[in-house]
Protein chains: 2
Amino acid sequence: MNDDPKQLGCDGEVSQAARLAAKLTALSHPARIEILQYLAGNGCCCCKDVVGRFDLAQSTVSQHLKILVDAGLVRFSPEKQRSRYEIDREALAGLSVSVSTLIDSCCAVP
Amino acid sequence: MNDDPKQLGCDGEVSQAARLAAKLTALSHPARIEILQYLAGNGCCCCKDVVGRFDLAQSTVSQHLKILVDAGLVRFSPEKQRSRYEIDREALAGLSVSVSTLIDSCCAVP
DNA sequence: ATCGTTCATCGTCGTTAGACGATGAACGCT
DNA sequence: AGCGTTCATCGTCTAACGACGATGAACGAT
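Here goes a summary of the coordinates provided. Note that the coordinates shown come from a computational prediction; the quantities given were computed from them, not determined experimentally.

Cut-offs and rules
Residues numbered from 1 in each chain as written. Chains lettered and ligands numbered in written order. Predicted model: local features only at pLDDT ≥ 70, side-chain atom pairs only at ≥ 80, totals over all residues. Heavy atoms only, no water. Helix = DSSP H or I, 4+ residues; strand = E, 2+ residues; numbered from the N terminus. Contact = heavy atoms within 4.5 Å. Least-squares fit on C-alpha atoms with pLDDT ≥ 70 in both. Phe/Tyr/Trp six-rings, centres within 6.5 Å; stacked < 30°, edge-to-face > 60°. Buried < 20%, exposed > 50% of the residue type's maximum accessible area, 1.4 Å probe, protein only. Near = heavy atom within 4 Å. Polar contact = N/O pair within 3.5 Å; in protein donor to acceptor, adjacent residues only side chain to side chain. Nonpolar A, V, L, I, M, F, W, Y, C, P; charged D, E, K, R; others polar.

## With respect to the overall build of chain A
Phase 1: Secondary structure summary: chain A contains 5 helices and 3 strands in total.
Phase 2: Beginning at the N terminus, the succession of helices and strands in chain A can be written as α-α-β-α-α-β-β-α.
Phase 3: Contacts in chain A between residues at least 24 apart in sequence constitute 50% of all its contacts with a sequence separation of at least 6.

Shown next as structure tokens:
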């Protein structure tokens, strides 16, 4: 385990960390955490609902929602007029497992 | 639960999301995830060890380590010459709980 | 005393994030 | 047809990130 020339695996390990980091990036903003909680508490929301809830411009909220959608944490249905945003519970559960796994592996004493 | 004027709690909830977001920001970079794993696997390391492991400049590694330390995920002992960096397992465990709590609360059906 | 190591910090540079207003498309309603 | 709503997108601006090289301090070793 010490004879690696330089960094960390050819692709598998790197992209795994990168994938997790991408999802964590989506979660690493207070507004997005609270938007997620709001979505969770309200099942299904349109952008306007969220806008009315936070002190942010509509474009900003739309951006944050897009980031959450792109990260795969929120599902998006381009409804006719008011698009619907909904928590992706499976994805969130998966992320929870990933984080736990990472942290557990870091906390385990070798 | 719908009569809040605008955003989200006066301070408690907001700063809780902000605090979590701050820690997640530290975790939201592939290099830092891998540095964390490396520290976990090696108990206690100096900066040079990490530098030799990753394909990053010493100053960059030092920066990443500082971010992890500032987030409270890594403990730092300014040893004489080679400073020691060590995983803070308690903090990591606490973060794991925070993330799980957040996600569980988001996955719970109201 | 001098040299090599280690490391934090500074300054720089290019890129991205975060916030906003403005705009225009799509739609419901009258 | 015309109006109001909703929303994604664009452009802009500032601030922060990520990476680097250079520098200097602190220390061990010779």
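## Here's the deal with the relation of the copies chain B and chain A
Between the two copies of the chain lies a relationship made up of a rotation around an axis and a movement along it.
Phase 1: For these two chains of identical sequence, chain B goes onto chain A by a turn of 180° and a shift of 0.0 Å along the axis, with RMSD 0.0 Å. Such a combination of rotation and displacement between the chain copies is what one expects of a two-fold axis.
Phase 2: Residue by residue, 100% of the interface of chain B is reproduced at the interface of chain A, so both copies engage with the same surface.

## Things to note about the packing of aromatic side chains
Here the distance between the centres and the angle between the planes together describe a pair of aromatic rings.
Residues and elements named next belong to chain A.
Phase 1: One pass over the structure, following the stated rule, counts 4 aromatic pairs over all chains.
Phase 2: An angle of 85° between the planes, with centres 6.3 Å apart, marks the rings of Tyr-38 and Phe-54 as edge-to-face. Placement of the pair is Tyr-38 in helix α2 (residues 30-42) and Phe-54 in the loop between α3 (47-53) and α4 (58-70), with a sequence separation of 16 residues. Pair check on accessibility: Tyr-38 and Phe-54 agree, each one buried.
Phase 3: Here the aromatic rings of Phe-76 and Tyr-85 are separated by 5.1 Å at their centres, their planes lie at 35°, and the arrangement is tilted.
Phase 4: Of the residues examined, Phe-76 reaches a relative accessible area of 38% and is grouped as partly exposed.

## Some details on the protein's contact with DNA strand D
Phase 1: Near DNA strand D there are 21 residues, and of these Cys-46, Lys-48, Ser-62 and Tyr-85 of chain A together with His-64 of chain B occur at the shortest range.
Phase 2: Taking the atoms of DNA strand D that fall within 4 Å of the protein, sugar and phosphate contribute 61% of them.
Phase 3: A distance of 2.4 Å separates a phosphate oxygen of DNA strand D from a polar atom in the side chain of Tyr-85 of chain A.
Phase 4: Taking Ala-57 of chain B, its main chain carries an N or O atom lying 2.9 Å from a phosphate oxygen of DNA strand D.
Phase 5: Residue assignment for the surface near DNA strand D shows that the elements contributing at least two residues are α3 and α4 of chain A together with α4 (58-70) of chain B.
Phase 6: Ranked by the residues each element gives to the surface near DNA strand D, the list is headed by α4 of chain B, at 4 residues.
Phase 7: Tallied by class, residues from the surface near DNA strand D come to 6 nonpolar, 11 polar and 4 charged.

## Here's the deal with the interface of chain B and chain A
Phase 1: Between chain B and chain A, the contact holds 45 residues from the first and 45 residues from the second.
Phase 2: Those elements that place two or more of their residues in the side of chain B that touches chain A are α1 (12-27), α2 (30-42), α3 (47-53) and α5 (89-107) of chain B.
Phase 3: Take the side of chain B that touches chain A: its biggest share by element is 12 residues, from α5 of chain B.
Phase 4: Across the side of chain B that touches chain A, the residue classes tally to 27 nonpolar, 11 polar and 7 charged.

## Quick notes on the side chain of Ser-96 of chain A
Phase 1: Examined against the element boundaries, Ser-96 of chain A turns out to sit in helix α5 (residues 89-107).
Phase 2: Exposure remark for Ser-96 of chain A: the relative accessible area of 9% places this residue in the buried category.
Phase 3: Not counting residues within four places of it along the chain, the set of residues in contact with Ser-96 of chain A comprises Ser-100 and Ile-103 of chain B.

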